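Fold and contact review
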Amino acid sequence: MFEKSKWIRLPRSVVLGHDVLSQTREVVVETHLTGRPLVVTSETPREVAADRIVAQFEAAGDDPELVVVEEATFEAVEDVLEVARGMDVGYLVGVGGGKPIDIAKMASDHLNVGFVSVPTAASHDGIVSGRGSVPEGDTRHSVAAAPPVAVVADTGVIADAPWELTTAGCADIISNYTAVKDWRLANRLQNVPYSEYAGALSQMTAEMLVDSADSIKPELEESAWMVMKALVSSGVAMSIAGSSRPASGSEHLFSHQLDRIAPGKALHGHQVGVGSILAEYLHSGEQGQWRSVRDALASLDAPTTADGLGVTDEEVLEALTSAHEIRDRYTILGSGISEDAAVEAATKTGVI
Ligand SMILES: NC(=O)C1=CN([C@@H]2O[C@H](COP(=O)(O)OP(=O)(O)OC[C@H]3O[C@@H](n4cnc5c(N)ncnc54)[C@H](O)[C@@H]3O)[C@@H](O)[C@H]2O)C=CC1
Ligand SMILES: O=C(CO)COP(=O)(O)O
Ligand SMILES: [Zn+2]
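Note that this is a predicted model, so its numbers are computed, not measured. (Residues numbered from 1 in each chain as written. Chains lettered and ligands numbered in written order. Predicted model: local features only at pLDDT ≥ 70, side-chain atom pairs only at ≥ 80, totals over all residues.)

Surrounding ligand 1, one finds 32 residues, the nearest of these being Gly-97, Gly-98, Lys-99, Gly-126 and Ala-161. Going through the elements one at a time, α2 (43-59), α4 (98-111), β6 (131-136) and α6 (163-174) are the ones with two or more residues in the shell around ligand 1. Partitioning the shell around ligand 1 into residue classes produces 12 nonpolar, 14 polar and 6 charged. (Near = placed C-beta within 6 Å. Helix = DSSP H or I, 4+ residues; strand = E, 2+ residues; numbered from the N terminus. Nonpolar A, V, L, I, M, F, W, Y, C, P; charged D, E, K, R; others polar.)

The next subject is the UniProt feature "binding site: substrate" (unreviewed entry) in the protein. Sites flagged by UniProt as "binding site: substrate" (unreviewed entry) map to Asp-125, Asp-172 and His-256. Beyond its immediate sequence surroundings of up to four residues, Asp-172 is in contact with His-124, Asp-125, His-268, Gly-269 and Val-272. Inspection of the secondary structure assignment puts His-256 in helix α10 (residues 250-261). What makes His-256 buried here is the crowd of 24 C-beta atoms within 10 Å. (UniProt positions renumbered as here; feature names shortened; annotations may be inferred. Contact = placed C-beta atoms within 7 Å. Buried ≥ 20, exposed ≤ 12 C-beta atoms within 10 Å, placed from the backbone.)

On to the packing of helix α14 (residues 313-322) against helix α15 (residues 339-348). Interhelical geometry of α14 versus α15 gives an angle of 125° and a closest axis separation of 9 Å. In terms of orientation, α14 lies oblique with respect to α15. Of the two elements, α14 crosses α15, and the hand of that crossing is right-handed. Taking contact as the criterion, the partners of Val-316, Leu-317, Leu-320 and Thr-321 in α14 are, on α15, Glu-339, Ala-342, Val-343 and Ala-346. (Axes fitted to C-alpha atoms, helices over the stretch in contact; angles between N-to-C directions. Parallel < 35°, antiparallel > 145°, perpendicular 65-115°, else oblique. Left-handed = near helix turned anticlockwise from the far one by under 90°.)

Here we take up the pairing of strand β8 (residues 150-154). With respect to burial, β8 is a largely interior element, 5 of its 5 residues being buried. Bridge count for strand β1 (residues 13-17) against β8 is 5 bridges, and the pairing is parallel. Within β8, the position partnered with Val-14 by the bridge is Val-151. In terms of strand pairing, strand β5 (residues 114-119) meets β8 through 2 bridges, oriented parallel. Counterpart to Ser-117 in the pairing with β8 is Val-151. (Pairing = 2+ DSSP bridges.)

UniProt's feature table lists "binding site: Zn(2+)" (unreviewed entry) at Asp-172, His-252 and His-268, given in the numbering used throughout. Over a stretch of 97 residues, the named residues converge on one spot in the fold, their C-alpha atoms separated by at most 9.1 Å. Tracing the backbone through its elements, the reader meets His-252 in helix α10. For His-252, the residues in contact, after removing those within four places along its chain, are Ser-175, Ala-179, Val-272 and Gly-275. Its location among the elements puts His-268 in helix α11 (residues 268-284). Classification of His-268 by C-beta neighbours within 10 Å gives buried; the count is 26. Each residue touching His-268, except ones within four places of it in the same chain, is listed here: Gly-98, His-124, Ala-168, Asp-172 and Ser-255.

Looking now at the site of ligand 2. If you check the shell around ligand 2, you find Asp-125, Arg-131, Ser-133, Ser-142, Asp-172, Ser-244, Ala-247, Ser-248 and His-252 and nothing else. A class-by-class count of the residues in the shell around ligand 2 yields 1 nonpolar, 5 polar and 3 charged.

Below, the discussion takes up the nonpolar core. Ranked by size, the top nonpolar core spans 113 residues in total, and within it Val-40, Ile-53, Val-80, Leu-92, Ile-103, Ile-174 and Leu-278 carry the most contacts. Per-element accounting of this core gives the leading share, 12 residues, to helix α9 (residues 221-241). The contacts of Val-80, once residues within four sequence positions are left out, are Val-40, Val-67, Val-69, Ile-103, Ala-104 and Ala-107. (Core = buried A, V, L, I, M, F, W, Y, C linked by C-beta atoms within 7 Å.)

Within the secondary structure, Met-204 is located in helix α8 (residues 196-211). Placed 28 residues apart in sequence, Met-204 and Asn-176 show a C-alpha to C-alpha distance of 9.2 Å.

Spatial ordering of the open sheet is given by β1-β8-β5-β4-β2-β3, a layout of 6 strands whose pairing is parallel. Either end of the sheet is taken by a strand with one partner, and the two such strands are β1 and β3 (65-68). Direction aside, neighbouring strands of the sheet carry axes that sit 15° apart on average. With 6 bridges connecting them, strand β2 (residues 36-41) and strand β4 (residues 89-96) associate as parallel partners. Residue Val-39 lies in a different strand from β4, and its bridge partner there is Val-93. α2 rests against β2, β3, β4 and β5 of the sheet, and its axis sits at about 170° to β2.

As structure tokens, this is what we get:
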């Protein structure tokens, strides 16, 4: 008897384009979200977008609240829950980069209320995904949560954001190559369930972005459009998979360790990009695809070295040799690589 079942949760509306921020309340009404909105944001995204959204809700008499968070921690989720419970919240709106969006996503899942994702930068692919990413002590959690009911991505706001945020988003997409390789490897060696559709979508998203690299330039709204489409597509791949596997492999483990070893030095996307060069070398050796990954990153102005990330060679080596410890996710790192192997991968690829 066939008893397999799968539940794919996707956003109902994805609204992407010029000045769509001004339609945020309209999108909310169209998706039947009701009650008092709680806007979750961080400092700069508040100035560039969240205050404007709050003003829309106020003008409509929705009586919104706003809370500012900075780090993606379980404490921050608790803080948001406290505000939400104190106001009898109707739904949450996450406005900003990956951190406030993840916090709003996890808090809304906990409260069982809807959530709208309003990215102010094309810096990460958690915009649409049904996962939250939280460091805690020596580990990193990929928390299951409902994906946003709606996404409002204003390409004008995103194109005005610092260019490095966009290059970080591009690198987060390029990292899909090694994430999918790791996922296939885990399927072959550990019988980890693999989704052909999610794997193919994730890989195709990276290929399309790399093919368009020449036309992705600073301050161009069309570039913001192209990168956002790729980030949405990558997030959908995660939703189809029901895990972050299509977009997170050994290169993400490396980045999560760097977050612990050298906190606040580089953006998530930039770290996973450099991690991808190393992971590609570990997968296929000197003659493998690591040069293509490095060149794709360089063509999009993303860092390709320890220096470019602002971390030391020692920090890179420590992150690479301990990355397997941060989460129970089988990758090319297996149960850990030796110091010698890490030095070889990092020097041969020019990362250190
Ligand atoms: N849940 C998921 O599936 C995923 C989650 N993530 C998570 O997302 C986070 C990384 O995302 P980031 O966006 O790099 O972090 P972030 O939220 O800290 O944003 C990075 C910086 O960009 C600034 N910023 C955002 N929009 C801006 C704008 N328009 N103008 C000027 N500055 C602006 C923020 O103030 C912040 O200083 C990590 O915690 C990562 O684990 C990343 C990918 C997927
Ligand atoms: O960053 C992500 C995908 O790009 C999310 O992955 P994690 O589950 O490793 O946090
Ligand atoms: Zn990522």
